[in-house]
Structure formats: structure tokens, C-alpha cells
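Commentary on secondary and tertiary structure
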Amino acid sequence: MAVLLATKGHAQAAWRDALLACDPGLDIRLWPDAGDPAAIEAVVMWGTHDLADLARYPALRLVVSMGAGVDHLLRPPGTPKGVPVARLKDVLLTSAMSEWVLLNVLRFHRQDPAYRAQQAAAIWHELPAPATAARRIGVLGLGELGQDAAGKLAALGFPVAGWSRLPKTIPGIACHHGAEGFDAILRQSDMLVCLLPLTPETRGILDAGAFARMPRGAFLLNAARGGHVVQPDLLAALDSGHLAGAALDVTDPEPLPPDHPLWRHPGIVLTPHAASITIPASVAPQVVDNLRRAREGQPLLNLVDFSRGY
Ligand code: NDP
Ligand code: OXD
């Protein structure tokens, strides 16, 4: 089975080496040198690759996302009809995301922006100590990433609620779902963490209406996709003081242009889509397993459900 690695730069070599370490017999082609297009049976790719390129491979039988999110593979023109798409699920991907969530929850909870401002002015002044039990956290999305982050926040003593599409029962987490659940979680979240997939239902879900339903002085953390947030609405909610701060790992567009107002807003902490970076050596075993399954006609792992969009 010839596998096309449709990525660029140093990631290409890291992916090739990781896949070959799991299966030295793999025939790996590095894009743009695909060789005979008819030989390509699987493409491992990220969102920067042109989806129209996939139509060149008549024997294609599996597309693998290099990340957990697959919105980049479902945008027009989409992947070739009938070809399954697999996402990644990985313990290091999940734990890195929870680290980003904990870092930023604790940054705001422990009033770090205020202490940094005091330090800049050489002010030695103790602020009132915050209680974890009094800081309610809502997690949008209770999948691979959301459940891990929610559990770790609950373990620190925060009251944690979560929101998913379908009803769930998770010990220690107040679970909500659907439209009513969205309203409930917004109203009770002093910090709201977005870990949803970007789908037609979730695009723009964090808009002026959503922010207005959050408590005054609440914080927003988004490490999912920039398209979840209506960015002018976020800036307005921060400027009015209704929201006290935001941590954003994702923006629309990416990279964020140098003159974009999100860069310089004093209430925003930005990271460049780096909350959780896929480590090829960690995910290679599942990718190679899926390639083997595709070759042998066995059930595939971590398949994307096109009707749900994730
Ligand atoms: P999963 O597919 O495992 O989980 C998605 C969760 O979102 C599920 O709980 C699902 O509900 C819920 N959901 C989906 N649609 C809706 C909806 N309309 N209403 C309510 N809940 C909904 O995804 P992951 O946890 O693995 O990843 C989440 C996202 O994080 C990725 O799609 C990606 O965009 C982003 N990501 C960002 C990274 C970064 O570095 N910034 C790294 C990795 C991922 P249900 O359980 O009912 O299906
Ligand atoms: C992912 C990402 O989806 O890196 O894995 O955003």
C-alpha cells in the first residue's frame, strides 16, 4: 500500500520516520512526489493540503487526519465520496490539551493578569484569595479532550459542568446537552472552555447572545477552532467589561494577521494553535494499524461520521 504524506517542512520527515519505525515495509511517498497516482491507497494529511488533490488518486481507500479535528477535511470540495476518513485519538494529544486548559484556567483564577500589571508598576499588594469551589467552569464538548479537561478541573476542586450533543453521565461533572443545556451552561459558567468540533451547528456558537447569557466578569477559553467565536462580538464583550478575559489558541483566520485587534487586546491571551501539537511518534501505531486494516478490509478505527461532521 503506497501512503502519501501530504504535509510540508520538517513535519514530513518526522511523520515518515515515525510510520516507518512502526512498519519498515511501508511504501511512503512525500508530497508533492506522489509518483504514480494510481499507486496511492492512503493519504495522511492536514488542513493546509488542497482537498482537490485527493481526486487524483483512483485507488484511494483511506484518508487520515494528522489531528483530532477534521473540519478541514470536510470543507468543500470534501474528500472523495465513499472514502473513509479517520481522526486521531492519542493520550499525549489529550493530556497536552488539558495542560493548556489548566494553565489558562489557573492564570485567570489566580488573577495572574492583575498580578502582572502590579509587577509592571512595582506594586506589592495582595489580592483577595479566590476559592476554587466558588469558580464554576463549563466545558463545551465532552469528547476525547473535553472529558479529560473536565475531569482534571474537577479534581482541582472546581464545580464543573459539561455540554455535549447527546445526553451523558460522567461522575463528578454536571452534564447538559442540546439547546436547553447550552443556555444552562452559559448562565452558570464563570469560565467557559470550548472544546467542540467545528460543524455547521457549532460555527459562530459563541456570539453576542451567548456572551450576554454568561455571568458578568466571566472568562472564555477557546482551544477548539477560531470559527466557534464571533470575534467582533468577543471584542465588544471584553470592551464593555461583560467578559473579563479570554484565552485563545485558535483564531479565524490562522495565522492571525499582524494588525488584527485580537493580538493587542489587553484582555486576551493568545497562543498560535499550539495547545496540543500532534506528536507523530505517539500516533504512528494507530495510523499504521488503520493502514493495515484498510489493506485487509477490516473495520477501521476512529472514523469520522460525515452526517455529524466530526
Ligand atoms: P470529539 O469528537 O471526541 O468530541 C466532540 C464533543 O463535542 C462531543 O462530546 C460531542 O457531543 C460534542 N459536540 C459536537 N457537536 C455538538 C453540538 N452541536 N452540540 C453540543 N455538543 C456537541 O472531539 P475532541 O474532543 O477530540 O476534539 C474537539 C476539538 O478540539 C477538535 O474537533 C478540534 O477542533 C480541537 N482541537 C484543537 C487542538 C489545538 O491544538 N488547539 C488540538 C486538538 C483538537 P457527543 O459526545 O454527544 O457526540
Ligand atoms: C487538531 C489540531 O485538530 O491540532 O488536532 O487542531
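Keep in mind it's a predicted model, so treat the numbers as computed, not measured.

When cut into domains, the protein gives domain 1 (2-90 + 278-296) and domain 2 (91-270). A separation of 32 Å is found between the C-alpha centroids of domain 1 and domain 2. Here domain 1 packs against domain 2, burying approximately 800 Å² in sum over the two surfaces, 55% of which is carbon and sulfur. Taken as a group, Asp71, Lys89 and Asp90 account for 58% of the area that domain 1 buries against domain 2, more than any other trio of residues on that side. Here domain 1 is connected to domain 2 by 2 salt bridges. With a shortest N-O distance of 2.9 Å, aspartate 71 and arginine 225 are connected by a salt bridge. Put simply, domain 1 and domain 2 have 4 residue pairs in polar contact (both at pLDDT 80 or more) between them. Of the residues in the side of domain 1 that touches domain 2, the class split is 4 nonpolar, 4 polar and 4 charged.

Their axes nearest at 9 Å, the elements helix α3 (residues 91-109) and helix α5 (residues 144-155) cross at an angle of 45°. Viewed along their axes, α3 and α5 adopt a mutual orientation that is oblique. As α3 runs across α5, the sense of the crossing is right-handed. Of the residues in α5, those in contact with Leu93, Thr94, Ser95, Met97, Ser98, Val101, Leu102 and Val105 of α3 are Glu144, Leu145, Asp148, Ala149, Lys152 and Leu153.

Counted under the stated rule, the structure contains 2 aromatic pairs. Aromatic pair phenylalanine 108 and phenylalanine 219: ring centres 4.5 Å apart, planes at 20°, arrangement stacked. Of this pair, phenylalanine 108 sits in helix α3 while phenylalanine 219 sits in strand β10 (residues 218-222), placing them 111 residues apart in sequence. Residue classification places phenylalanine 219 among the buried positions, given a relative accessible area of 10%. Measuring from ring centre to ring centre gives 4.7 Å for tryptophan 163 and phenylalanine 182, while their planes differ by 40°; the resulting arrangement is tilted. With tryptophan 163 in strand β7 (residues 160-164) and phenylalanine 182 in helix α6 (residues 178-187), this residue pair connects regions lying 19 residues apart in the sequence. By the burial criterion, tryptophan 163 is buried, and phenylalanine 182 matches it.

Around ligand 2, the surrounding shell consists of Trp46, Gly67, Ala68, Gly69, Arg225, His273 and Ser276. At a separation of 2.7 Å, an oxygen atom of ligand 2 approaches a polar backbone atom of alanine 68. In the complex, the protein chains occlude 84% of the 210 Å² of accessible area that ligand 2 would expose alone. Counted by class, the shell around ligand 2 contains 2 nonpolar, 4 polar and 1 charged residues.

So, about the sheet that holds strand β12 (residues 268-270). If you walk across this open sheet you meet the 7 strands as β8-β7-β6-β9-β10-β11-β12, and the pairing is parallel. Whereas interior strands pair on both sides, the edge strands pair on one side only; in this sheet they are β8 (174-177) and β12. Sheet twist, expressed as the mean angle between neighbouring strand axes with direction ignored, is 15°. With 4 bridges joining them, strand β6 (residues 137-140) and β7 adopt parallel strand pairing.

Surveying the vicinity of ligand 1 reveals 29 residues, the closest of which are Arg87, Leu166, Lys168, Asp249 and Tyr310. In this structure, an oxygen atom belonging to ligand 1 sits 2.7 Å away from a main-chain N or O atom of leucine 166. Within the contact set of ligand 1, an oxygen atom lies 2.6 Å away from a side-chain nitrogen or oxygen of lysine 168. Alone, ligand 1 offers 940 Å² of accessible surface; in the complex the protein occludes 93% of this. Taken together, the elements giving at least two residues each to the shell around ligand 1 come down to α5 and β7. Residue composition of the shell around ligand 1, by class: 14 nonpolar, 7 polar and 8 charged. A domain-level breakdown of the shell around ligand 1 finds at least three residues from each of domain 1 (2-90 + 278-296) and domain 2 (91-270).

A few words now on the pairing of strand β2 (residues 27-30). Every other side chain in a regular strand lies on the same face of the sheet, so the side chains alternate between the two faces. Relative to β2, strand β1 (residues 2-6) runs parallel, the two being bridged by 4 bridges. Bridge pairing in β2 places alanine 2 opposite aspartate 27. In this fold, β1 hands off to helix α1 (residues 10-22), which returns the chain to β2; that crossover is right-handed.

Parameters at a glance
- Residues numbered from 1 in each chain as written.
- Chains lettered and ligands numbered in written order.
- Predicted model: local features only at pLDDT ≥ 70, side-chain atom pairs only at ≥ 80, totals over all residues.
- Heavy atoms only, no water.
- Domains from an automatic or database assignment.
- Buried area = accessible area lost by both parts, 1.4 Å probe.
- Salt bridge = Lys/Arg side-chain N within 4 Å of Asp/Glu carboxyl O.
- Polar contact = N/O pair within 3.5 Å; in protein donor to acceptor, adjacent residues only side chain to side chain.
- Nonpolar A, V, L, I, M, F, W, Y, C, P; charged D, E, K, R; others polar.
- Axes fitted to C-alpha atoms, helices over the stretch in contact; angles between N-to-C directions.
- Helix = DSSP H or I, 4+ residues; strand = E, 2+ residues; numbered from the N terminus.
- Parallel < 35°, antiparallel > 145°, perpendicular 65-115°, else oblique.
- Left-handed = near helix turned anticlockwise from the far one by under 90°.
- Contact = heavy atoms within 4.5 Å.
- Phe/Tyr/Trp six-rings, centres within 6.5 Å; stacked < 30°, edge-to-face > 60°.
- Buried < 20%, exposed > 50% of the residue type's maximum accessible area, 1.4 Å probe, protein only.
- Near = heavy atom within 4 Å.
- Areas by Shrake-Rupley, 256 points an atom, 1.4 Å probe, with all protein chains shown as cover.
- Pairing = 2+ DSSP bridges.
- Right-handed = clockwise from strand over helix to strand, strands pointing away.

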